Amino acid sequence: MVRNIASVMAELEPEDFYLLSGVEHGMRFSKWVNREKIPDYANLTKEEVDYRIDRCMKRDLITRKTIQYEGYQLEFEGYDALALRTFSQRDTIDGVGAPLGVGKESDVYEVQSFKPMALKFHREGYTNFRSVDRERDYTSDKQHVSWLYTARKAAEREYEALETLYPDVSVPRPVDHNRHAIIMEKLDGVELGRAKLESEQVVGVLDLVLREMATAYEAGYVHADMSEYNVAISENGVTVFDWPQSVPTDHDNADELLERDVKNIVGYFGRKYPAETPDSLDISALAASVASGEFETARAFAGE
(Lines give C-alpha, C1' and ligand atoms only; values in the text may rest on other atoms or scores of the structure.)
Protein backbone atom coordinates (compact mmCIF):
# COMPACT_ATOMS: atom_id res chain seq x y z
CA MET A 1 0.00 0.00 0.00
CA VAL A 2 1.29 3.43 -0.92
CA ARG A 3 0.99 5.71 2.08
CA ASN A 4 -1.13 8.84 2.21
CA ILE A 5 1.27 11.64 1.31
CA ALA A 6 -1.02 14.39 2.64
CA SER A 7 0.71 14.40 6.04
CA VAL A 8 4.05 15.28 4.40
CA MET A 9 2.74 18.14 2.24
CA ALA A 10 3.01 20.78 4.98
CA GLU A 11 6.72 19.99 5.40
CA LEU A 12 7.58 20.57 1.75
CA GLU A 13 8.97 23.84 0.42
CA PRO A 14 8.57 25.26 -3.11
CA GLU A 15 12.10 24.17 -4.03
CA ASP A 16 11.26 20.59 -3.04
CA PHE A 17 8.54 20.63 -5.66
CA TYR A 18 11.00 22.05 -8.21
CA LEU A 19 13.21 19.04 -7.51
CA LEU A 20 10.29 16.61 -7.83
CA SER A 21 9.14 18.28 -11.05
CA GLY A 22 12.68 18.06 -12.42
CA VAL A 23 12.86 14.32 -11.74
CA GLU A 24 9.40 13.92 -13.25
CA HIS A 25 10.56 15.71 -16.39
CA GLY A 26 13.68 13.57 -16.64
CA MET A 27 11.69 10.36 -16.33
CA ARG A 28 10.06 11.19 -19.67
CA PHE A 29 13.38 10.30 -21.28
CA SER A 30 14.90 7.60 -19.04
CA LYS A 31 13.88 5.34 -16.22
CA TRP A 32 16.59 6.74 -13.94
CA VAL A 33 17.34 10.47 -14.16
CA ASN A 34 21.07 11.19 -14.18
CA ARG A 35 22.06 13.33 -11.20
CA GLU A 36 24.04 15.66 -13.46
CA LYS A 37 20.93 16.57 -15.48
CA ILE A 38 18.66 17.41 -12.54
CA PRO A 39 19.83 21.04 -12.04
CA ASP A 40 18.74 21.89 -15.58
CA TYR A 41 15.49 19.94 -15.31
CA ALA A 42 14.62 21.47 -11.92
CA ASN A 43 16.03 24.97 -12.57
CA LEU A 44 18.08 24.72 -9.36
CA THR A 45 21.78 25.07 -8.59
CA LYS A 46 23.84 21.94 -7.98
CA GLU A 47 24.13 22.86 -4.31
CA GLU A 48 20.37 23.36 -4.02
CA VAL A 49 19.75 20.04 -5.75
CA ASP A 50 22.00 18.27 -3.20
CA TYR A 51 19.98 19.76 -0.34
CA ARG A 52 16.61 19.03 -1.92
CA ILE A 53 17.56 15.47 -2.80
CA ASP A 54 18.37 14.80 0.84
CA ARG A 55 15.04 16.25 1.97
CA CYS A 56 13.03 14.28 -0.57
CA MET A 57 14.95 11.06 0.06
CA LYS A 58 14.23 11.30 3.80
CA ARG A 59 10.53 11.59 3.03
CA ASP A 60 10.59 8.67 0.56
CA LEU A 61 9.50 10.87 -2.33
CA ILE A 62 12.35 9.79 -4.60
CA THR A 63 14.64 6.79 -4.79
CA ARG A 64 18.27 6.48 -5.90
CA LYS A 65 20.48 3.99 -7.71
CA THR A 66 24.27 4.25 -7.92
CA ILE A 67 25.30 1.43 -10.27
CA GLN A 68 26.77 2.73 -13.55
CA TYR A 69 25.80 6.28 -12.61
CA GLU A 70 23.92 8.15 -9.89
CA GLY A 71 20.29 8.27 -10.93
CA TYR A 72 16.97 9.18 -9.35
CA GLN A 73 13.37 8.20 -9.83
CA LEU A 74 10.11 9.42 -8.33
CA GLU A 75 8.37 7.20 -5.85
CA PHE A 76 4.61 7.21 -6.22
CA GLU A 77 4.44 9.39 -3.11
CA GLY A 78 6.47 12.01 -4.95
CA TYR A 79 4.10 11.86 -7.90
CA ASP A 80 1.16 12.11 -5.47
CA ALA A 81 2.71 15.23 -3.94
CA LEU A 82 2.95 16.94 -7.32
CA ALA A 83 -0.69 16.20 -8.13
CA LEU A 84 -1.87 17.33 -4.69
CA ARG A 85 0.04 20.61 -5.01
CA THR A 86 -1.64 21.29 -8.36
CA PHE A 87 -5.10 20.57 -6.93
CA SER A 88 -4.35 22.87 -4.01
CA GLN A 89 -3.15 25.67 -6.29
CA ARG A 90 -6.37 25.34 -8.28
CA ASP A 91 -8.41 25.46 -5.03
CA THR A 92 -9.94 22.13 -5.99
CA ILE A 93 -9.32 20.58 -2.57
CA ASP A 94 -8.66 21.85 0.96
CA GLY A 95 -7.40 18.65 2.56
CA VAL A 96 -7.08 14.88 2.32
CA GLY A 97 -8.81 12.52 4.73
CA ALA A 98 -9.12 8.81 5.34
CA PRO A 99 -8.74 6.13 2.66
CA LEU A 100 -11.96 5.01 1.00
CA GLY A 101 -10.47 2.08 -0.87
CA VAL A 102 -7.08 0.62 -1.71
CA GLY A 103 -6.39 -1.74 -4.59
CA LYS A 104 -3.66 -3.00 -6.90
CA GLU A 105 -4.36 -0.34 -9.52
CA SER A 106 -5.65 2.62 -7.49
CA ASP A 107 -5.90 4.22 -4.07
CA VAL A 108 -8.94 6.34 -3.18
CA TYR A 109 -9.13 8.92 -0.39
CA GLU A 110 -11.78 11.26 0.90
CA VAL A 111 -10.91 14.91 0.23
CA GLN A 112 -12.43 18.17 1.36
CA SER A 113 -13.71 20.54 -1.30
CA PHE A 114 -16.94 22.51 -1.51
CA LYS A 115 -18.29 19.21 -0.21
CA PRO A 116 -16.63 15.85 0.57
CA MET A 117 -15.23 14.32 -2.60
CA ALA A 118 -13.11 11.34 -3.59
CA LEU A 119 -9.50 11.52 -4.77
CA LYS A 120 -8.36 8.59 -6.89
CA PHE A 121 -4.65 7.97 -7.49
CA HIS A 122 -4.04 5.59 -10.38
CA ARG A 123 -1.26 3.06 -9.73
CA GLU A 124 -1.27 1.15 -13.03
CA GLY A 125 2.16 -0.02 -14.08
CA TYR A 126 3.91 0.68 -10.78
CA THR A 127 4.40 -2.91 -9.59
CA ASN A 128 5.38 -4.22 -13.01
CA PHE A 129 7.86 -1.48 -13.72
CA ARG A 130 9.42 -1.79 -10.26
CA SER A 131 10.00 -5.51 -10.73
CA VAL A 132 11.96 -5.34 -13.99
CA ASP A 133 15.74 -5.03 -14.23
CA ARG A 134 16.51 -1.99 -12.12
CA GLU A 135 19.76 -1.21 -13.88
CA ARG A 136 18.46 -1.07 -17.41
CA ASP A 137 18.28 2.47 -18.80
CA TYR A 138 16.14 3.85 -21.60
CA THR A 139 17.24 6.81 -23.66
CA SER A 140 14.64 6.97 -26.41
CA ASP A 141 11.06 8.19 -26.20
CA LYS A 142 10.07 5.34 -28.49
CA GLN A 143 11.67 2.73 -26.24
CA HIS A 144 10.99 4.20 -22.81
CA VAL A 145 7.60 3.99 -21.14
CA SER A 146 7.59 4.64 -17.39
CA TRP A 147 4.97 3.80 -14.80
CA LEU A 148 4.28 7.56 -14.62
CA TYR A 149 3.12 7.48 -18.22
CA THR A 150 1.04 4.33 -17.69
CA ALA A 151 -0.73 5.71 -14.62
CA ARG A 152 -1.24 9.15 -16.16
CA LYS A 153 -2.76 7.71 -19.33
CA ALA A 154 -5.11 5.51 -17.27
CA ALA A 155 -6.31 8.58 -15.35
CA GLU A 156 -6.75 10.54 -18.57
CA ARG A 157 -8.79 7.75 -20.14
CA GLU A 158 -11.02 7.44 -17.10
CA TYR A 159 -11.57 11.18 -16.73
CA GLU A 160 -12.44 11.53 -20.42
CA ALA A 161 -14.96 8.71 -20.11
CA LEU A 162 -16.56 10.21 -16.99
CA GLU A 163 -16.84 13.63 -18.63
CA THR A 164 -18.56 12.07 -21.64
CA LEU A 165 -20.90 9.81 -19.69
CA TYR A 166 -21.98 12.09 -16.85
CA PRO A 167 -24.84 12.81 -16.16
CA ASP A 168 -26.66 10.58 -18.68
CA VAL A 169 -25.00 7.49 -17.23
CA SER A 170 -24.91 6.96 -13.48
CA VAL A 171 -21.16 7.42 -12.94
CA PRO A 172 -19.27 9.52 -10.36
CA ARG A 173 -19.33 13.19 -11.33
CA PRO A 174 -15.84 14.23 -12.47
CA VAL A 175 -14.47 17.40 -10.84
CA ASP A 176 -10.77 17.75 -11.71
CA HIS A 177 -7.82 15.82 -13.08
CA ASN A 178 -4.04 16.14 -12.88
CA ARG A 179 -1.30 13.66 -13.75
CA HIS A 180 -2.41 10.26 -12.39
CA ALA A 181 -5.11 11.62 -10.08
CA ILE A 182 -8.83 12.35 -10.41
CA ILE A 183 -11.16 14.27 -8.11
CA MET A 184 -14.71 12.99 -8.34
CA GLU A 185 -17.95 12.76 -6.47
CA LYS A 186 -18.05 10.22 -3.64
CA LEU A 187 -20.03 7.08 -4.30
CA ASP A 188 -23.30 6.44 -2.53
CA GLY A 189 -24.08 3.00 -1.19
CA VAL A 190 -21.95 -0.14 -1.16
CA GLU A 191 -20.31 -2.36 -3.74
CA LEU A 192 -22.72 -4.75 -5.39
CA GLY A 193 -20.48 -7.64 -4.32
CA ARG A 194 -21.05 -6.72 -0.66
CA ALA A 195 -24.78 -6.09 -0.93
CA LYS A 196 -27.38 -8.65 0.09
CA LEU A 197 -30.39 -8.38 -2.16
CA GLU A 198 -33.81 -9.74 -1.38
CA SER A 199 -35.11 -12.32 -3.82
CA GLU A 200 -37.57 -9.90 -5.38
CA GLN A 201 -34.82 -7.29 -5.94
CA VAL A 202 -32.43 -9.41 -8.00
CA VAL A 203 -33.94 -9.03 -11.45
CA GLY A 204 -34.62 -5.33 -10.89
CA VAL A 205 -31.05 -4.54 -9.84
CA LEU A 206 -29.56 -6.48 -12.74
CA ASP A 207 -31.92 -4.59 -15.03
CA LEU A 208 -30.60 -1.28 -13.64
CA VAL A 209 -26.99 -2.33 -14.26
CA LEU A 210 -27.69 -3.47 -17.81
CA ARG A 211 -29.55 -0.26 -18.57
CA GLU A 212 -26.59 1.83 -17.43
CA MET A 213 -24.39 -0.26 -19.70
CA ALA A 214 -26.85 0.33 -22.55
CA THR A 215 -26.87 4.08 -21.96
CA ALA A 216 -23.07 4.11 -21.83
CA TYR A 217 -22.96 2.24 -25.13
CA GLU A 218 -25.32 4.77 -26.68
CA ALA A 219 -23.03 7.54 -25.36
CA GLY A 220 -20.07 5.85 -27.04
CA TYR A 221 -18.37 3.70 -24.37
CA VAL A 222 -18.02 0.09 -23.26
CA HIS A 223 -16.81 -0.33 -19.69
CA ALA A 224 -14.65 -3.38 -20.56
CA ASP A 225 -14.04 -4.37 -16.92
CA MET A 226 -17.51 -4.90 -15.46
CA SER A 227 -17.84 -6.88 -12.26
CA GLU A 228 -19.61 -6.77 -8.93
CA TYR A 229 -16.67 -4.74 -7.61
CA ASN A 230 -17.22 -1.66 -9.75
CA VAL A 231 -20.96 -1.24 -9.30
CA ALA A 232 -22.31 0.55 -6.22
CA ILE A 233 -25.89 0.11 -5.11
CA SER A 234 -27.90 2.50 -2.93
CA GLU A 235 -31.46 3.62 -2.36
CA ASN A 236 -31.08 5.90 -5.38
CA GLY A 237 -30.11 3.11 -7.76
CA VAL A 238 -26.77 1.92 -9.09
CA THR A 239 -23.53 3.72 -9.97
CA VAL A 240 -20.94 2.24 -12.31
CA PHE A 241 -17.36 3.27 -11.52
CA ASP A 242 -13.74 2.45 -12.50
CA TRP A 243 -13.61 3.33 -16.21
CA PRO A 244 -9.86 3.40 -17.06
CA GLN A 245 -10.12 0.30 -19.25
CA SER A 246 -13.17 1.54 -21.14
CA VAL A 247 -13.09 1.62 -24.93
CA PRO A 248 -15.12 3.62 -27.46
CA THR A 249 -17.87 1.77 -29.24
CA ASP A 250 -16.02 2.09 -32.55
CA HIS A 251 -13.14 0.05 -31.12
CA ASP A 252 -12.50 -3.17 -33.05
CA ASN A 253 -13.26 -5.31 -29.98
CA ALA A 254 -16.06 -3.18 -28.50
CA ASP A 255 -18.86 -5.69 -29.06
CA GLU A 256 -16.71 -8.56 -27.81
CA LEU A 257 -15.86 -6.58 -24.67
CA LEU A 258 -19.50 -5.66 -24.15
CA GLU A 259 -20.48 -9.32 -24.34
CA ARG A 260 -17.77 -10.14 -21.80
CA ASP A 261 -19.09 -7.40 -19.51
CA VAL A 262 -22.61 -8.79 -19.76
CA LYS A 263 -21.33 -12.31 -19.13
CA ASN A 264 -19.39 -11.15 -16.06
CA ILE A 265 -22.24 -9.28 -14.43
CA VAL A 266 -24.89 -11.91 -15.24
CA GLY A 267 -22.47 -14.61 -14.08
CA TYR A 268 -22.11 -12.88 -10.72
CA PHE A 269 -25.87 -12.82 -10.22
CA GLY A 270 -26.04 -16.46 -11.29
CA ARG A 271 -23.46 -17.47 -8.69
CA LYS A 272 -24.86 -15.44 -5.81
CA TYR A 273 -28.57 -15.70 -6.62
CA PRO A 274 -28.94 -18.99 -8.53
CA ALA A 275 -32.62 -19.40 -7.68
CA GLU A 276 -33.47 -16.06 -9.31
CA THR A 277 -31.06 -16.33 -12.24
CA PRO A 278 -31.67 -18.96 -14.95
CA ASP A 279 -28.58 -20.75 -16.24
CA SER A 280 -29.85 -20.87 -19.82
CA LEU A 281 -29.56 -17.18 -20.69
CA ASP A 282 -28.34 -16.37 -24.19
CA ILE A 283 -25.51 -13.98 -23.28
CA SER A 284 -24.79 -13.04 -26.89
CA ALA A 285 -28.42 -12.10 -27.50
CA LEU A 286 -28.59 -10.21 -24.22
CA ALA A 287 -25.41 -8.27 -25.08
CA ALA A 288 -26.82 -7.43 -28.50
CA SER A 289 -29.99 -6.13 -26.90
CA VAL A 290 -27.90 -4.00 -24.50
CA ALA A 291 -26.03 -2.55 -27.48
CA SER A 292 -29.29 -1.73 -29.21
CA GLY A 293 -30.92 -0.42 -26.04
CA GLU A 294 -33.91 -2.67 -26.67
CA PHE A 295 -34.09 -5.29 -23.98
CA GLU A 296 -36.26 -6.39 -21.11
CA THR A 297 -34.43 -8.24 -18.37
CA ALA A 298 -37.52 -9.85 -16.88
CA ARG A 299 -38.48 -11.29 -20.28
CA ALA A 300 -34.94 -12.52 -20.86
CA PHE A 301 -34.98 -14.25 -17.51
CA ALA A 302 -38.27 -15.85 -18.40
CA GLY A 303 -36.70 -17.21 -21.60
CA GLU A 304 -38.93 -15.18 -23.90
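By the naming in an unreviewed UniProt entry, the chain goes by non-specific serine/threonine protein kinase and is assigned to Halogranum gelatinilyticum.

Caption draft 1: Examining empty space enclosed by the protein more closely. Taken as a whole and judged by the stated rule, the model has one cavity of 30 Å³ or more. The calculated volume of the largest cavity comes to roughly 60 Å³. Every residue lining the largest cavity is listed: E212, M213, A216, Y217, Y221, V222, H223, M226, V240, W243, L258 and D261. Breaking the lining of the largest cavity down by element, the ones donating at least two residues are α8 (202-219), β10 (221-222) and α9 (254-272).

Caption draft 2: Examining unusual backbone geometry more closely. The omega torsion across Y166 and P167 is 5 degrees, close enough to zero to call that bond cis. Inspection of the secondary structure puts P167 in the loop between α7 (147-165) and β7 (174-178). At A224, a residue that is not glycine, the phi angle is positive and equals roughly 75 degrees. The exposure class of A224 is buried, given its relative accessible area of 3%.

Caption draft 3: Up close: the nonpolar core. Among the nonpolar cores identified, the biggest contains 48 residues, and L210, M213, W243, V262, I265 and F269 are the most heavily contacted of them. It is α8 that contributes the most residues to this core, nine residues altogether. Residues lining this core come from more than one domain, with at least three contributed by each of domain 1 (5-185) and domain 2 (190-301). With 38 residues, the next largest nonpolar core counts L19, C56, L82 and A151 among its residues.

Caption draft 4: Molecular detail of the layout of surface pockets. If you add up the space inside the largest pocket, you get close to 950 Å³. Together, 31 residues line the largest pocket, and V108, E191, Y229, F241 and D242 are the ones closest to its centre. Secondary structure elements with two or more residues in the lining of the largest pocket: β4 (95-102), β5 (106-112), β6 (117-122), β8 (181-185) and β9 (190-191). Taken together, the residues of the lining of the largest pocket sort by class into 12 nonpolar, eight polar and 11 charged. The residue makeup of the lining of the largest pocket includes at least three contributed by each of domain 1 (5-185) and domain 2 (190-301).

Caption draft 5: Fine view of the pairing of β8. Among the five residues in β8, four count as buried, and that is most of the element. As defined by bridge partners, β6 adjoins β8 across five bridges and the pair is classed as antiparallel. By the bridge assignment for β8, L119 is matched with I183. Examined bridge by bridge, β7 and β8 share four bridges and lie antiparallel to one another. The partner of D176 across the bridge, within β8, is I183.

Reading the values: rules and limits
- Residues numbered from 1 in each chain as written.
- Predicted model: local features only at pLDDT ≥ 70, side-chain atom pairs only at ≥ 80, totals over all residues.
- Heavy atoms only, no water.
- 1 Å grid on protein atoms, 1.4 Å probe; cavity = no way out; pocket = protein on both sides within 12 Å on 5 of 7 lines; lining within 4 Å.
- Points joined across faces, edges and corners; volume = space filled by probe spheres on them.
- Helix = DSSP H or I, 4+ residues; strand = E, 2+ residues; numbered from the N terminus.
- Buried < 20%, exposed > 50% of the residue type's maximum accessible area, 1.4 Å probe, protein only.
- Core = buried A, V, L, I, M, F, W, Y, C linked by side-chain atoms within 4.5 Å.
- Domains from an automatic or database assignment.
- Nonpolar A, V, L, I, M, F, W, Y, C, P; charged D, E, K, R; others polar.
- Pairing = 2+ DSSP bridges.

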